[in-house]
Amino acid sequence: MKISYNWLKQFLSIDWTAEKTGELLTDLGLEVEGISDFESIKGGLNGVVVGEVLSCIQHPNADRLKVTSVDIGLDDPVQIVCGAPNVDAGQKVPVATIGTTLYTPEGEAWQIKKGKIRGEESHGMICAEDELGLGSSHDGIMVLSDSLTPGTPCSEVFEVEHDQVFEIGLTPNRADAMSHFGVARDLKAGLEQKEISKGLLTPSTSNFSIDNRSLRIDVEVEDNDLAPRYCGVTINNLIVQESPDWLKNRLNAIGLSPINNVVDATNYVLHELGQPLHAFDAIKVKGGKIKVKRLPMGTKFVTLDGVERELHEEDLMICDNEKPMCIAGVFGGIHSGVTEDTTSIFLESAYFDPISIRKTAKRHGLNTDASFRFERGIDIELTEYALKRAAILIREIAGGEISSDVVDLYPKKPKERQVFLTFDKINSLIGQEIPRDTIKSILSSLEIKVNNVTESGLGLTIPFYRVDVEREVDVIEEILRVYGYNNIDFKQKLNASIAVTSKLESHTIQDVIGNMLASQGFYEIMTNSLVSKESLEHLSAIGKPVDMVNPLSMDLSVMRTSMLPSGLETIAHNLNRQQNRLKLFEFGTTYHKVGDSYQEIPHLALFLTGNRSQENWSVDSKSSDFFFLKGMVDSILSRLGLDEVNVKPLEENTIFSEGLTCSINGKSLCSYGLVNKTVTKRMDVKSDVLFADFNWATILELLKEEEIAYRDIPKFPEVTRDFALLLDEGTSFQQVYDIAWLTEKKLLKDVNLFDVYVGKGLGKGKKSYAVSFTLQDTNKTLTDKQIDKIMKKLQANYETKLGAALR
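Quick summary incoming for the structure in this document.

1. With respect to the overall build of the protein chain
Within the protein chain, the secondary structure is distributed over 21 helices and 41 strands. Taken over C-alpha atoms, the radius of gyration comes to 39 Å for the protein chain, far larger than the 28 Å a tight globule of 807 residues would show. C-alpha extents for the protein chain along the principal axes are approximately 125 × 90 × 65 Å. Counting across all 807 residues of the protein chain, residues that qualify as buried make up 46%. Contacts spanning at least 24 positions in sequence make up 70% of the contacts within the protein chain whose residues lie at least 6 apart. Approximately 42,100 Å² of the protein chain is accessible, and the part contributed by carbon and sulfur atoms is 47%.

Structural data, given as structure tokens:
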């Protein structure tokens, strides 16, 4: 939010530097993120002076140029070549001297330099109004008053306004500070604590008067819950034209573009007092009546930006007898606004329900200055005052007559909030005793009324504009920010308690696995849990997605039921930026609606695409393939101590084109494999993606059941024997692995596949597995007889169950 220091000084007489004032505002909770300079004329006309044209002759080498001699207040006149058709001797003109920086209408800077134009020297430039930022005309040079003295700085002639603008990072709860008046109110409270008493100057409405009652427009509010207060007045016989310079300067300083005097006046009061207003062309209000109501679902309405929108049945609209004219509190309509032909207006000032405005604004993807304030909550008591303030201002700058009584529909005034504040609670929360007189002084400066005082505390009434102050702790926060966080003493002794937590807490295990993955070159990502419905289509998941009631956009309309879509978005983002070697992991949650209940399931997800490692002259590049992913999955499960894992091929599903699933005692631990091409294509990912999805909740459950067992290191050696098995092409290593363990449970320690061959010499439909078997007896050294016996049993079982043969 931008706040003009000059504008702020209209409410407070303060002579501090902007930097010092910014420090106090930050201490008060209105964090000043930056201070920028503003000049009503870009460059401030520095280097531009009044010159008198002493002579003007035709350029000897150009028909459209003149050579002039100009007195700019120096000892000798300077020669300037000028192409303006209206330049002539005896004129007083603005001259940009050598070294002066001027700005184009687009804001680009360029510097005046000494040069030659068609052989004649030129020592400056006689300027047109658009070249100085004083207007838009380029028909000729500006001709100034004859009374001006050559050499006078033009910044004194045109009264350039210099301002400093605070950029305030306003927190959402501080609706009371969404205006210059609100900031000045806080600043006054801060100054009083520094014993600098400053009265708050508020715009007077005492000269508001009704000139006649020639233009009456009735108002009907059908839903007082959505529009608890609605005020309006008409102004007739006004002239819509350009705003005066002082008003344009105020708006330009805070980044608003002036439009016309009527619209600018409503914007001025909005940023002055924080009350949004809207001006309707009174002639366009059919039937002489304003109706505040909701319209049927699907009603078409064209807003000021020219976009046709379909209304929702809950959108509150401002209508006349025939048509909708404005989305209440959000955006005006294209057919009812003020134009240069407008001569009479109906001026609206209202209080609309914050929740209704927020929902409407989000539904239509609109974020306006008005909706920004309405949806956070404005001061309902300010509505009529702001209306009168705006009416006086419009009458002052646009002429016209206030031509009706003020309509003020305010059927039910809300009750003032009462809070009882105990001194003990203040001291316990702040940790330091603040003098009671200081507390009462701070409350008074914040316009929080003290109704009664007892030994235990204070009975308070909260002003309507402090919508965020509802509880005792809220009042204590207000006291503390004005008293100053920097004034709270820190104790020299630091007390801390030791938290007793299990080694198996989720965050602890996450750190272990996260560090392990990072050591393998993986990067952790954190993605949004909100995704589009389209990204979840055709992905098998538990239950249904959880829909957002009021989504920010259609791309964020549901909560994810799978970790895959957000991971693929990250991969697509990186691939589009030439980052082709990706190893990513994420700890996240999926969300499911199952019947009438909801489930949140934690996951660990791995994503792989591209090469495993960076290209290097000494190492051949290898792509991340299925077996690399399988190795990572096995390593994670092994690190977690989950060894007796049952691995089997994935059943047909919509996520993987091929893959495996791991489980223990029927509990699924992980599914992993190559992501289906149709899925990656929908997310604009052209390369192969490998994905592993761990059920983190199941893993944590199994870890808590697992007991650590210790055993002696074997004293006797291992023995390794190999088989080269000729198998059918459809036989998996898992079958070979399972048969080995069924054959020998006592002495077999490991089964390893160390070579696979498919090709010539094997026969059609055949392949060769080279498998090693590790045997060991913990009590004695194995004999050749024992080893041969086991190997013969293995061979027999492979021949019987798999039709295998030794090569």
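2. Some details on the packing of helix 2 (residues 18–27) against helix 5 (residues 180–193)
For the pair helix 2 and helix 5, the least separation of the axes is 10 Å and the interaxial angle reads 90 degrees. Relative to helix 5, helix 2 is oriented roughly perpendicular. Taken together, the residues of helix 5 that come into contact with helix 2 (itself represented by T21, L24 and L25) are V183, L187, G190 and L191. The residue inventory of the contact of helix 2 with helix 5, partitioned by class, reads five nonpolar, two polar and no charged.

3. Topic: the side chain of S557
Tracing the backbone through its elements, the reader meets S557 in the loop between strand 30 (546–547) and strand 31 (558–559). Within polar-contact distance, the side chain of S557 engages the backbone oxygen of M554 at 3.1 Å. When sequence neighbours within four positions are dropped, the list of residues in contact with S557 reads V531, S532, K533, V546, D547, M548 and P551.

4. Details of the side chain of K767
When you line up the elements, K767 lands in strand 40 (residues 766–775). This buried residue, K767, is left without a salt bridge; E729 holds the nearest opposite charge, at 7.5 Å. Of note is the side chain of K767, whose polar atom sits 2.5 Å from the backbone oxygen of T731. With residues near it in sequence (within four places) discarded, K767 still touches L725, L726, L727, D728, E729, T731, Y757, V758 and L762.

5. As for helix 16 (residues 564–575)
The end-to-end C-alpha distance of helix 16 is 16 Å, a good match for the 16 Å that twelve residues give at a rise of 1.5 Å each. Within helix 16, nine of the twelve residues are buried, which leaves it mostly tucked inside the rest of the structure. Listed as buried for helix 16 are L564, P565, S566, G567, L568, T570, I571, A572 and L575. Tucked into the core, helix 16 has its buried residues touching helix 15 (533–536), strand 32 (582–594), strand 33 (597–609), strand 36 (667–675), helix 18 (677–682) and strand 37 (690–695).

6. Brief notes about the layout of surface pockets
The space that makes up the second largest pocket amounts to roughly 890 Å³. It is helix 6 (residues 245–253) that provides the largest number of residues to the lining of the second largest pocket, a total of four residues. A class-by-class count of the residues in the lining of the second largest pocket yields ten nonpolar, eleven polar and nine charged.

7. Section: the sheet that holds strand 12 (residues 162–169)
With antiparallel pairing, three strands are arranged side by side in an open sheet as 1-12-2. Both outer strands of the open sheet, strand 1 (2–4) and strand 2 (31–39), are each paired with one neighbouring strand and no more. Each strand axis lies, on average, 30 degrees off the axis of its neighbour in the sheet, ignoring direction. Both strand 2 and strand 12 contribute to a ladder of eight bridges, which runs antiparallel. Its bridge partner being in strand 12, F38 is matched across the sheet by D163.

8. What about the sheet that holds strand 35 (residues 656–664)?
Taken together, the seven strands give an open sheet; going across it, the order is 28-32-33-37-36-35-34, and neighbouring strands pair in mixed fashion. Edge strands, defined here as strands with exactly one partner in the open sheet, are strand 28 (523–524) and strand 34 (646–649). In this sheet, strand 36 lies alongside strand 35 in antiparallel orientation, the contact comprising eight bridges. Following the sheet pairing, F656 is matched in strand 36 by V675.

9. Let's talk about empty space enclosed by the protein
If a probe the size of a water molecule is rolled over the atoms, the empty space left behind becomes visible. For the structure shown, the criterion picks out one cavity of 30 Å³ or more. Along its surface, the largest cavity is lined by D176, R185, D186, L446, Y465 and R466.

10. Some remarks on the pattern of salt bridges
Applying the stated criterion to the full structure yields 37 salt bridges. Between D437 and K440 there is a salt bridge, with its nearest N and O atoms 3.9 Å apart. Within this pair, D437 and its partner K440 are both found in helix 12 (residues 436–445), separated by three residues, close to a single helical turn. Residue classification places D437 among the exposed positions, given a relative accessible area of 59%.

11. Considering the environment of E478
Structurally, E478 can be placed in helix 13 (residues 472–483). Judged by relative accessible area, which is 2%, E478 ranks as buried. Remark: the alpha-carbon pair of E478 and F301, spanning 177 residues in sequence, is separated by 43 Å. Apart from the residues lying within four places of it in its own chain, the contact partners of E478 are I442, L446, R466, D468 and V469.

12. Quick notes on the packing of helix 12 against helix 13
Between helix 12 and helix 13, whose axes approach to 10 Å, the crossing angle comes to 95 degrees. Taken together, the axes of helix 12 and helix 13 are roughly perpendicular relative to one another. Mapping the contact onto sequence places T438, I439, I442 and L443 in helix 12 and V475, E478, I479, V482 and Y483 in helix 13. Across the contact of helix 12 with helix 13, the residue classes tally to seven nonpolar, one polar and one charged.

13. Details of the packing of aromatic side chains
Within the structure shown, the criterion is met by 17 aromatic pairs. Note on F352 and F374: the rings are 5.2 Å apart at their centroids and 65 degrees apart in plane angle, and the pair reads as edge-to-face. With F352 in the loop between strand 22 (345–351) and helix 8 (354–363) and F374 in helix 9 (residues 369–374), this pair connects stretches of sequence that are 22 residues apart. With a relative accessible area of 1%, F352 lands in the buried category. Members of the aromatic cluster, connected to one another through ring pairs, are W7, W246 and Y268. Against the face of Y5 rests K9, its NZ or CZ located 4.3 Å from the ring centre. The ring of Y465 has R185 sitting right over it, with the charged end atom 3.6 Å from the ring centre.

14. Brief notes about a negative patch on the surface
A contiguous patch of negative charge on the surface is contributed by E19, E23, D27 and D37. Tallying contributions element by element places helix 2 first for the negative patch, with three residues. As for its position among the elements, D27 is in helix 2.

Rules of the game
Residues numbered from 1 in each chain as written. Predicted model: local features only at pLDDT ≥ 70, side-chain atom pairs only at ≥ 80, totals over all residues. Heavy atoms only, no water. Helix = DSSP H or I, 4+ residues; strand = E, 2+ residues; numbered from the N terminus. Rg over C-alpha atoms; globule rule 2.2 N^0.38 Å. Buried < 20%, exposed > 50% of the residue type's maximum accessible area, 1.4 Å probe, protein only. Contact = heavy atoms within 4.5 Å. Areas by Shrake-Rupley, 256 points an atom, 1.4 Å probe, with all protein chains shown as cover. Axes fitted to C-alpha atoms, helices over the stretch in contact; angles between N-to-C directions. Parallel < 35°, antiparallel > 145°, perpendicular 65-115°, else oblique. Nonpolar A, V, L, I, M, F, W, Y, C, P; charged D, E, K, R; others polar. Polar contact = N/O pair within 3.5 Å; in protein donor to acceptor, adjacent residues only side chain to side chain. Lys, Arg positive; Asp, Glu negative; His and termini not counted. Salt bridge = Lys/Arg side-chain N within 4 Å of Asp/Glu carboxyl O. Expected span 1.5 Å × (residues − 1). 1 Å grid on protein atoms, 1.4 Å probe; cavity = no way out; pocket = protein on both sides within 12 Å on 5 of 7 lines; lining within 4 Å. Points joined across faces, edges and corners; volume = space filled by probe spheres on them. Pairing = 2+ DSSP bridges. Phe/Tyr/Trp six-rings, centres within 6.5 Å; stacked < 30°, edge-to-face > 60°. Lys NZ or Arg CZ within 6 Å of the ring centre and 35° of its normal. Patch = residues over 30% accessible without salt bridge, like charges linked within 9 Å, V, L, I, M, F, W, Y side chains within 5 Å. Charge placed at Lys NZ, Arg CZ, Asp CG, Glu CD.

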